[in-house]
Amino acid sequence: MYASESARAASASESRYRITVPIAPARNARVIALDARSAAVARRISDGPWANARFYTCEATRGRRRADEVLLHGIDGVPAALDDMLRGTDVVVVIATDDSGGALAAAIGSACSARAITTAGVVLGDGFEADDAVAALRPHARVLLLSADESDAFELLRALRV
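Note that the coordinates shown come from a computational prediction; the quantities given were computed from them, not determined experimentally.

Trainee: Any chance you could explain helix H2 (residues 36–45) here in plain terms?
Mentor: Structurally, the α-helix is built with 3.6 residues per turn, so residues lying three or four positions apart point the same way. Listed in full, the buried residues belonging to H2 are Ser38, Ala39, Val41, Ala42 and Ile45. End-on view of H2: buried residues confined to an arc of 160 degrees, all on one side of the axis. Next to the buried residues of H2 lie strand S1 (29–33), strand S2 (54–58), strand S5 (91–96), strand S6 (118–124) and helix H6 (151–159). Structurally, the start of H2 carries an N-cap: the backbone nitrogen of arginine 37 is 3.3 Å from a side-chain oxygen of aspartate 35.

Trainee: Where do I start with the packing of aromatic side chains in this structure?
Mentor: Each aromatic ring pair is specified by the distance between its two centres and by the angle formed by the two planes. A complete count under the given rule lists one aromatic pair for this structure. Ring geometry for tryptophan 50 versus phenylalanine 154: centroids 5.0 Å apart, planes at 55 degrees, classification tilted. Placement of tryptophan 50 in the loop between H2 and S2 and of phenylalanine 154 in helix H6 is noted, with a sequence separation of 104 residues between them.

Trainee: When you look at the environment of valine 122 in this model, what are you seeing that I'm missing?
Mentor: Here valine 122 is to be found in strand S6. Under the relative-accessibility criterion, valine 122 is labelled buried at 1%. For the pair formed by valine 122 and alanine 153, sequence separation is 31 residues and the distance between their alpha carbons is 6.3 Å. Those residues in contact with valine 122 that lie beyond four places of it in its chain are Val93, Val94, Ile95, Ala96, Leu145, Ala153 and Leu156.

Trainee: Sorry, what's going on with the confidence of the model for the chain here?
Mentor: Confidence in the prediction for the chain averages 84 pLDDT; 89% of positions are at 70 or higher. Taken element by element, the predicted model of the chain shows its lowest mean pLDDT in helix H1 (residues 5–9) (74) and its highest in S1 (95).

Trainee: Sorry if this is basic, but what is going on with unusual backbone geometry here?
Mentor: Leave glycine aside and you will find that most residues have negative phi; peptide bonds, for their part, are mostly trans. One non-glycine residue with positive phi stands out, namely alanine 116, at about 60 degrees. By the element assignment, alanine 116 lies in the loop between helix H4 (102–114) and S6. Despite not being glycine, arginine 161 has its phi angle at roughly 60 degrees, a positive value. Its location among the elements puts arginine 161 in the segment after H6.

Trainee: I tried to follow the nonpolar core on my own but got confused; where do I start?
Mentor: As a rule of thumb, nonpolar side chains are buried together in soluble globular proteins. If you look at the biggest cluster of nonpolar residues, it comprises 26 residues, and the most contacted ones within it are Ile32, Leu34, Leu72, Leu82, Leu86, Val92 and Ile108. If you list the elements that add at least two residues to this core, you get S2, helix H3 (82–86), S5, H4 and helix H5 (131–137). Sort the elements by how many residues they give to this core and H4 lands first, with six residues. Formed by 20 residues, the second largest nonpolar core is a distinct cluster that contains Val41, Ala53, Leu124 and Leu156.

Trainee: Just checking my understanding: could you explain the pattern of salt bridges for this structure?
Mentor: Taken as a whole, this structure holds four salt bridges when the rule is applied. In this structure, arginine 44 engages glutamate 150 in a salt bridge whose closest nitrogen and oxygen atoms are separated by 2.7 Å. Taken together, the positions of arginine 44 in helix H2 and glutamate 150 in the loop between strand S7 (143–147) and H6 put the pair 106 residues apart, joining distant regions of the chain. Accessibility expressed as a relative area gives 48% for arginine 44, which makes it partly exposed. Its salt-bridge partner being aspartate 84, residue arginine 87 comes within 2.8 Å of it at the nearest N-O pair. Note on aspartate 84: relative accessible area 46%, which makes it partly exposed.

Trainee: What's the story with the pairing of strand S3 (residues 71–74) in this structure? I'm lost.
Mentor: The two faces of the sheet receive side chains in turn, since in a regular strand these alternate between them. Pairing analysis gives three bridges linking S2 to S3, with the strands arranged antiparallel. Bridge pairing links cysteine 58 to leucine 72 in S3. The pairing of S3 with strand S4 (residues 79–81) spans three bridges and is classified as antiparallel. Each bridged residue has a counterpart across the sheet, and for histidine 73 the counterpart in S4 is proline 79.

Reading guide: rules and limits
Residues numbered from 1 in each chain as written. Predicted model: local features only at pLDDT ≥ 70, side-chain atom pairs only at ≥ 80, totals over all residues. Heavy atoms only, no water. Buried < 20%, exposed > 50% of the residue type's maximum accessible area, 1.4 Å probe, protein only. Helix = DSSP H or I, 4+ residues; strand = E, 2+ residues; numbered from the N terminus. Arc of directions from axis to C-beta. Contact = heavy atoms within 4.5 Å. Polar contact = N/O pair within 3.5 Å; in protein donor to acceptor, adjacent residues only side chain to side chain. Phe/Tyr/Trp six-rings, centres within 6.5 Å; stacked < 30°, edge-to-face > 60°. pLDDT = per-residue confidence, 0-100. Core = buried A, V, L, I, M, F, W, Y, C linked by side-chain atoms within 4.5 Å. Salt bridge = Lys/Arg side-chain N within 4 Å of Asp/Glu carboxyl O. Pairing = 2+ DSSP bridges.

Printed below as a string of structure tokens:
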């Protein structure tokens, strides 16, 4: 009788092929909340087990479309320019709950694409409150998660090794 593939993979002889070193976290992750509700989500999840992640909010001003016009604030309220914040960044996760940050999402996505920074988007909410944010992130985000469950934002950050 032959052992199943799972049984063979779990055998002592196959253990030499197992990776026993933990996967290193992303070196410099940034999480940017685009609106008031997503800022509240970012504040709640910022206390998670993150390596070098930094969390930011930005003011959703509809007219801002260029990266040099985007002003962020750390969770602690300290202002930061987008260009400065992106230096040395490996991954950017953008969180939105409505359309008020659509133009900012496009500017952030373009700035990340220009620098070859992996970008992910999390759009939280029910219905179509954030269609503009989704449309703005779609061309830039390698991962775009639409969910009504706030815990999915936390899980995406874990999956990205933030």
